[in-house]
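Structural characterization, general
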Amino acid sequence: MFGSIRWKLLMTYLIVVSSACVFLGVHLSREFQATYTRQVEADLLDLARLVALNAFQGLSTNDPAEVRLHLQGADHGAGGPRIVITDASGTIVGVRGLPESAVGEHENESSIGKALRGQEVAGVGAAHQPEGTVYAAVPVRAGPGSRVLGAVHVSLPLSLFHAELRHIRWVIAGSVVAALIVAGALGLVLARGIAGPVQEMQRVASDLAAGRLGERVPIRSRDELGELARSLNHMAGDLERIDASRRAFVADAAHELRTPVANLAVAIEALKAVIDKSPDQAAGVVTDLEREVQRLTTLVEDLLDLSLVESGQVRLHASALSPAELILRSVHPFEKRAAQAGVTIATDVPPRLPRVAADADRMVQVLTGLLDNALKVTPPGGRITMRASEQRGRVLFSVADTGPGIAEAELVHIFDRFYRTDRARTREQGGAGLGLAIAKRLVEAQGGTITVESKEGQGARFVVTLPKAS
Ligand SMILES: Nc1ncnc2c1ncn2[C@@H]1O[C@H](COP(=O)(O)OP(=O)(O)OP(=O)(O)O)[C@@H](O)[C@H]1O
Ligand SMILES: [Mg+2]
């Protein structure tokens, strides 16, 4: 539990906040204490000046009774400041808040010494009070710059406002604790806000890893965590699609394999029945067998090919190829078949086309696939036209036929694996519906594109574009 993100976040947060609070609290209470004593010092200085003003008369006429008279007037009660008045020699002539017996003693408190030398001083010191006092001392004189007649020393024990300072410390400590509680609560909410979604995603990720691909994370925020959740869901969707497509592939492949294998079994049974009786019939069955085996071989090879290109494992050897040569190599194997079918194959390749960057064998495979399809659908007397041209920095190859064309609804599926527009008829002709799927992946793996345009009844035109060789 303490290793969880939530705890780590909360702890980090609390450590930062509490150290800030403690620092602030200590600083505030120090600052407050300093301000408070400065204020008391200033008050005491004012008081000392006032007392000095009143003591001036008595001191100038050397009349201690007069001095003391004024002191009685300045009585502040028991808790009031202590006052000591000395003459110019430092001998105490009057006190208040101290035993009268002190009168006549020599006062050697250093602040009084300073006052007698004409300075006004104030500060925190230990004079007369073991626990410390705040004091002020001022000289008594006739006027600014004139002779010093004596000194006035006023002090208050620090213990008097200890209670005050303690109270203030309590207030500050209380605020710090309150701030910590609020910060802790906020931290908890924040940590939950971050750790909650992370835990949710962690749970969904384990589900995905365990193969439960339908799991999704709710997207709760628009921040990085929300983005992460979105990416995770996206990935889960991709995984689900890949999984579905893999299953479909295996099912389709098994389905496609079943027919030729069943045909083989039938042919073998037929062969058994006739092999001893009629060698002529047997020869016919063997031909059938050969054809089925051939079909099976092609199918297996196509499946292997497709799985290679789909997994990106196909090795392509790109070189600079002449478009004219590619077309020549592709058309050549079909010349005899086209003539037998009564179909004309025309080529149209302008001179000086730029070379293309592609794998020669794979491109011939793509173009022969297109020609094979065209030849399968073009009726006798029809025409297949192969063209090459340059367009916007690319080289374009097209195979157009005068066959039945492809219905609009089927155009979008034409490059799907195992897709055939007319299942019965094309299977008869040996097609598994893999040619275009393989072609598309091969062309795209080489940086090219393959598209089809067709109107039903008006033939079809397949277009391959390839990048120019640099
Ligand atoms: N030129 C065309 N005119 C009309 N339909 C076409 C044309 N080319 C392809 N098709 C349709 O698209 C389907 C898919 O073609 P594809 O080449 O992928 O498979 P196939 O030729 O049936 O089998 P394979 O190429 O694997 O032997 C074909 O079965 C056919 O129905
Ligand atoms: Mg084909």
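All of the points below concern the structure found in this document. Nothing here was measured: the structure is a model prediction, and the numbers come from that model.

Attention shifts here to the pairing of strand β4 (residues 133-141). Where a strand is regular, its side chains alternate between the two sheet faces. Burial analysis of β4 places eight of its nine residues in the buried class, the great majority of the element. Both strand β3 (residues 121-125) and β4 contribute to a ladder of five bridges, which runs antiparallel. Bridging from a neighbouring strand, V121 pairs with A137 of β4. As paired strands, β4 and strand β5 (residues 148-157) are joined by nine bridges and run antiparallel to one another. Considered in β5, the bridge of P139 is made with A151.

Within the secondary structure, I268 sits in helix α5 (residues 224-274). A sequence separation of 17 residues divides I268 from V285, and the C-alpha atoms of the two residues are 8.0 Å apart.

Across the sheet, five strands lie side by side as β7-β9-β10-β12-β11; this open sheet has mixed pairing. In the strand order of this sheet, the two ends are held by β7 (344-348) and β11 (449-454), each with one partner. Sheet twist, expressed as the mean angle between neighbouring strand axes with direction ignored, is 15 degrees. Pairing of β7 with strand β9 (residues 383-391), which is carried by five bridges, proceeds in the parallel orientation. When the bridges of β9 are listed, T347 appears paired with M386.

If you walk through the whole model with that rule in mind, you get three aromatic pairs. Judged by centre distance (6.3 Å) and plane angle (20 degrees), the rings of F32 and Y36 are stacked. Linking F32 with Y36, this pair stays in helix α1 (residues 5-60), spanning four residues, or about one helical turn. Note on F415 and F462: the rings are 6.2 Å apart at their centroids and 90 degrees apart in plane angle, and the pair reads as edge-to-face. Placement of the pair is F415 in the loop between α10 (408-411) and α11 (423-428) and F462 in strand β12 (residues 460-467), with a sequence separation of 47 residues. When its relative accessible area of 8% is taken as the criterion, F462 is described as buried.

The rules we used
- Residues numbered from 1 in each chain as written.
- Chains lettered and ligands numbered in written order.
- Predicted model: local features only at pLDDT ≥ 70, side-chain atom pairs only at ≥ 80, totals over all residues.
- Heavy atoms only, no water.
- Buried < 20%, exposed > 50% of the residue type's maximum accessible area, 1.4 Å probe, protein only.
- Helix = DSSP H or I, 4+ residues; strand = E, 2+ residues; numbered from the N terminus.
- Pairing = 2+ DSSP bridges.
- Axes fitted to C-alpha atoms, helices over the stretch in contact; angles between N-to-C directions.
- Phe/Tyr/Trp six-rings, centres within 6.5 Å; stacked < 30°, edge-to-face > 60°.

Without other data, these values stay purely geometric and don't point to any function.
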